[in-house]
Amino acid sequence: MAYFPLRLRAFVVKSGTGNRQLMSANIPAELKYAKSHEWVRVSGDTATVGITDHAQHELTDVVFVELPAVGRKLKAGEACAVVESVKTASDIYSPVSGEVLVANQAIVSNPALVNTDPYGAGWFYKIKLSQPAELGNLLSSADYLKQIGG
Amino acid sequence: MIMQRTPLFAAHQRLGAKLIEFGGWEMPLHYSSIRDEHLAVRRAGGLFDISHMGEVSVRGPGALGFLNHTLTNDARKLAVGQGQYTLLCHERGGVIDDLYAYRLGEQDYLLIINASRIDADLAWLERQHASWSKFAPVELRDLSEQTGAVALQGPRVRQFIDACFPGPILGGAAVTKASELKKNEILTTPFEGTAVDIGCTGYTGEDGFEVIAPREVIEPIWNKLLAVGHAWCLQPAGLGARDTLRTEVCYPLYGHELDEQTTPIEAGLGFFVAFDKGDFVGRAVLAEQKANGTTKKCVAFKMTDKSAPPRPHYPIWGTGAEAARLGEVVSGTQSPSLNIGIGLGYVPPEFSRPGTLLEIEIRSRRAPAVIVQKPFYRKGQ
């Protein structure tokens, strides 16, 4: 399945009159980011993974999420989840290697959480890191902002 | 690839449209979101750029005969100011295009054809025309490059169309105002001095109009409609919503439900094939299918459990231990109005009854579905 090409562009917001304003993009500083628009929150030797605000904005309405099975062993860069919007299905790539500990059933029951709270309730899965050194390959929030054209 | 752009390209950019390629054209997929625009059309109004579509003028004493020879529906039924949905088929009954044919004058017809089929339709019509003109003169003109169109769809649009097109009525249906047009009627009226055509048709299942006009006035018409319609919550709407809206009412999309290897009978469009008008291209095959049946039939189905939505090309399976692969999905989406996965696909006729259980193969797993009566959604639901 083809990866939905999330258009790389500056994160802009439309005001009510239709004018576009460049505002500071929603890219929390304490997270790490993959080029393919996943974020990682590290806590000891486990990490939580989700997709960025930029990604959910490009997808618009998420209607279905397929998560990796608990216990599955993932390699960094491996397709591990699917997000479906009205129009397309997009692969999510694990930013890190390890074993899936928890899959967030909340976004399976209510896919809209991915749009409304991408860094909070919209998280995808938690993983036990097998190669913590991989975190060094991920982008900082400043680098991710540059990546999306900010 | 170099994509074509409609007169509204700059307007789409200003509105923040997400642009995609469709049939060689750079078109808006959505402005806000597909779901948002879809629901806006169902509740109030949406305005679509359909300037990429093609327009062909067919005129002369031989026009009616020519159209009845090349199209499946009966154009003799058309009074001046009326249109009909119809199909262009080749000799084996397969569909070259589905289209609207309007009668603008005594011997003056206008065909509205799909953007992706403009070249194919014209090549076919010109070939038929070359052998037809022997009988009575027919003038065939491709107006696509100089003509644009917009579709105004939704329950509130009839309330403000007259404010944008105050008249007078120059031709077509015998009405005094655009808001008096009944389904399938068309009229001609000026917009800032230029004659435009307004047809009461649409592709969404809602009330609405399509405004067909020379390229130069398309942007002023778009701006006027959005400005006047704003008070009625009119929104610009893109091709994404156009697709979800038409899927909910089971309207075919060329390249999905229809193609050159599929006949109108197989697609469930026999209503638009007039067997009693005399001979027409494809008649023999279609009559045989009507009498003896087909090997495939277009069905509508709904997912019955929470699942990913069905999408084109996903395999359709029967149920049970010895389940056979029955066919393929041709259109599918998560329905914004019904919040369930819906789709259209082809299966053998013996598996086509509403209530038949199916399984849709989605990423190598099978999800349960059931065949339902068309349409999924009725206006005002």
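A quick note: this is a predicted structure, and the numbers were derived from the prediction, not measured.

Calculation rules
- Residues numbered from 1 in each chain as written.
- Chains lettered and ligands numbered in written order.
- Predicted model: local features only at pLDDT ≥ 70, side-chain atom pairs only at ≥ 80, totals over all residues.
- Contact = placed C-beta atoms within 7 Å.
- Helix = DSSP H or I, 4+ residues; strand = E, 2+ residues; numbered from the N terminus.
- Nonpolar A, V, L, I, M, F, W, Y, C, P; charged D, E, K, R; others polar.
- Domains from an automatic or database assignment.
- Buried ≥ 20, exposed ≤ 12 C-beta atoms within 10 Å, placed from the backbone.
- Pairing = 2+ DSSP bridges.

Caption draft 1: View of the interface of chain B and chain A. Counting residues at the interface gives 15 residues for chain B, matched by 12 residues for chain A. Among the secondary structure elements, those contributing two or more residues to the side of chain B that touches chain A are β2 (25-30), α2 (34-43), α7 (239-248) and β17 (325-334) of chain B. Tallied by class, residues from the side of chain B that touches chain A come to six nonpolar, seven polar and two charged.

Caption draft 2: Main features of the domain arrangement of chain B. Residues and elements named next belong to chain B. The domains assigned to chain B are domain 1 (1-293) and domain 2 (295-372). Of note, the centres of domain 1 and domain 2, computed from C-alpha atoms alone, are 29 Å apart. Contact residues are listed per partner, giving 16 residues for domain 1 and 14 residues for domain 2. Elements represented by at least two residues in the side of domain 1 that touches domain 2 include exactly α2 and α7. Of the residues contributing to the side of domain 1 that touches domain 2, the split by class is four nonpolar, six polar and six charged.

Caption draft 3: Spatial organisation of the environment of Ser331(B). All names here are of chain B. Examined against the element boundaries, Ser331 turns out to sit in strand β17. For Ser331, a count of 24 C-beta atoms within 10 Å gives the class buried. Apart from residues lying up to four places away in sequence, Ser331 is in contact with Thr247, Leu253, His256, Glu257, Pro312, Gly343 and Leu344.

Caption draft 4: Up close: the pairing of strand β9 (residues 147-153) of chain B. Residues and elements named next belong to chain B. Of all seven residues in β9, seven are buried, a share of seventy percent or more. Here β9 shows two buried faces, one formed by Thr147, Ala149, Ala151 and Gln153 and the other by Gly148, Val150 and Leu152. Here strand β3 (residues 45-49) runs beside β9; their pairing, made up of four bridges, is antiparallel. In the sheet register, Phe48 faces β9, and the bridge partner there is Ala151. Across seven bridges, β9 lies against strand β13 (residues 208-214) in antiparallel orientation. In the sheet register, Leu152 faces β13, and the bridge partner there is Phe209.

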